[in-house]
Amino acid sequence: MPFKRNWDASCPRVWNKWEADGQEWVVQDLDPKDDEEALDILVAHLCTDEILCSLSKITEDAESVEGIRKFWALCIAQRMCPALYTWVDGKKTLVALNVCAVMSSGDTFPDVEIKGEKWKNVYEGLVFLETKRDPHKYLELDLLLHAFGLVVKRDYRGHRLGAKLLAAREPLSKAHGIKGTTTVFTVQASQKLAARCGFETICEASWKDLADSGLDYPPETNKYIKLMVKRYD
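Predicted model, so just to flag it, every value in this text is computed and none were measured. (Residues numbered from 1 in each chain as written. Predicted model: local features only at pLDDT ≥ 70, side-chain atom pairs only at ≥ 80, totals over all residues. Heavy atoms only, no water.)

Undergrad: How would you summarise the UniProt feature "domain: N-acetyltransferase" (unreviewed entry) in the protein chain if you had to cite specific residues and measurements?
TA: UniProt marks residues 146-199 with the feature "domain: N-acetyltransferase" (unreviewed entry), using the numbering shown here. Across residues 146-199, the secondary structure splits into 43% helix and 24% strand, with the terminal C-alpha atoms separated by 13 Å. (UniProt positions renumbered as here; feature names shortened; annotations may be inferred. Helix = DSSP H or I, 4+ residues; strand = E, 2+ residues; numbered from the N terminus.)

Undergrad: Got a sec to walk through helix α7 (residues 188-196)? Specific residues and values, please.
TA: Along α7, the residues classified as buried are Q191, L193 and A194. Seen along its axis, α7 keeps its buried residues to an arc of 160 degrees; they face one direction. Residues of α7 that are exposed and angled more than 90 degrees away from the buried face: Q188, A189 and R196. Residues of α7 that are buried sit in contact with α6 (161-174), β6 (180-185) and β8 (224-231). (Buried < 20%, exposed > 50% of the residue type's maximum accessible area, 1.4 Å probe, protein only. Arc of directions from axis to C-beta. Contact = heavy atoms within 4.5 Å.)

Undergrad: Explain the packing of helix α3 (residues 62-77) against helix α4 (residues 117-132) to me, using residue names and the numbers behind them.
TA: At a minimum axis distance of 7 Å, the contact between α3 and α4 shows a crossing angle of 45 degrees. It follows that α3 is oblique to α4 by the angle criterion. Of the residues in α4, those in contact with S64, G67, I68 and F71 of α3 are E117, K118, W119 and Y123. A class-by-class count of the residues in the contact of α3 with α4 yields four nonpolar, two polar and two charged. (Axes fitted to C-alpha atoms, helices over the stretch in contact; angles between N-to-C directions. Parallel < 35°, antiparallel > 145°, perpendicular 65-115°, else oblique. Nonpolar A, V, L, I, M, F, W, Y, C, P; charged D, E, K, R; others polar.)

Undergrad: A description of the packing of aromatic side chains should follow, citing residues and the corresponding values.
TA: Each aromatic ring pair is specified by the distance between its two centres and by the angle formed by the two planes. Counted according to the given criterion, the structure contains seven aromatic pairs. Between W18 and W25, the ring centres sit 6.4 Å apart and the planes meet at 15 degrees, which makes this aromatic pair stacked. Geometrically, the ring pair formed by F71 and Y123 is edge-to-face, given 5.9 Å between the ring centres and 70 degrees between the ring planes. Of this pair, F71 sits in helix α3 while Y123 sits in helix α4, and the two are 52 residues apart along the sequence. Aromatic ring contacts, followed pair by pair, group F71, W119, Y123 and F148 into a single cluster. A cation sits over an aromatic face here: K92 above Y85, 5.1 Å from the ring centre. Sitting over the ring of W18, K164 keeps its end group 4.5 Å from the ring centre. (Phe/Tyr/Trp six-rings, centres within 6.5 Å; stacked < 30°, edge-to-face > 60°. Lys NZ or Arg CZ within 6 Å of the ring centre and 35° of its normal.)

Undergrad: So what's going on with the sheet that holds strand β1 (residues 14-20)? Residues and values would help.
TA: Strand pairs in the sheet, formed through backbone hydrogen bonds, run parallel or antiparallel to each other. Pairing is mixed across the open sheet formed by eight strands, whose spatial order is β1-β2-β3-β4-β5-β6-β8-β7. One side of each edge strand has no neighbouring strand; the edge strands of this open sheet are β1 and β7 (200-206). With direction set aside, neighbouring strand axes in the sheet form an average angle of 20 degrees. Sheet topology places β7 next to β8; six bridges connect them, and they run antiparallel. Looking across to β8, one finds that C203 is bridged to L227. Contacts from α4 reach β5 (143-152), β6, β7 and β8 within the one sheet, and its direction differs from that of β7 by about 120 degrees. (Pairing = 2+ DSSP bridges.)

Undergrad: If you had to explain the side chain of S56 to someone new, which residues and values would you point to?
TA: Relative to the helices and strands, S56 is located in helix α2 (residues 51-56). A polar contact of 3.4 Å, which involves the side chain of S56, links it to the side chain of Y217. If we ignore the near neighbours within four places in the chain, the residues touching S56 are K118, N121, V122 and Y217. (Polar contact = N/O pair within 3.5 Å; in protein donor to acceptor, adjacent residues only side chain to side chain.)

Undergrad: Tell me about the pairing of strand β3 (residues 82-88), residues and numbers included.
TA: Burial runs high along β3: five of the seven residues are buried. Pairing between strand β2 (residues 23-29) and β3: five bridges, direction antiparallel. Of the residues in β3, the one forming a bridge with D29 is P82. Note that β3 and strand β4 (residues 91-104) share six bridges and pair antiparallel. Its bridge partner lying in β4, L84 is registered against A96. Counted along the chain from β3 to the antiparallel partner β4, the turn is two residues long, and its residue D89 has a positive phi close to 55 degrees.

Undergrad: Give me the side chain of H136: which residues, what numbers.
TA: Within the secondary structure, H136 sits in helix α5 (residues 135-139). A distance of 2.9 Å separates the side chain of H136 from the side chain of H146, its partner in a polar contact. Among residues more than four places away in sequence, those in contact with H136 are M103, S104, S105, L141, D142, L143, L144 and H146.

Pasting the structure below:
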């Protein structure tokens, strides 16, 4: 049976908060009233800056942008996305989020057609690694928190906010009986960050491996994407 979160009066729940340089920050569940803004941030910042999206030139294809936006919207609707807020001119402002969804072994959630050739190129690059090694089998867990994009607005980068979002997956997962998480990290910087946050690489592929599989990527042998996992004991 597909995972369904009980979204009650205690939600959105706060997972972490702190102050730095006179600024207050909070990591919490993405507030439903901010769903459309979250999608706009993902399209404006992740579709252009994430390497597979950039290499695939996803923003040049309106069908692909619409397709990835619909995919993200279905993930967000599960209400398992940690988001980071701060106060700007006295207003609580969304500045970063991690698109996450709980999936069971063999699950096809979100059950949506992958439309747009450039979005398909990105999606199949991600699936390529999980086809090589199943994180559910590796961790021996039926339920995992999968992530499909972490984005920080450009004006807020350089404050280690990505690490805060990765860390928030643990209390979020544990609160719902989920004992592990998995992500395809696509660039060296995010791979190093994930390793520092306790993630383990279980499979990797070079851009050339992706190209040899029929996908439209440069045949680089020294650039890798990595499937990484973390278990919450």
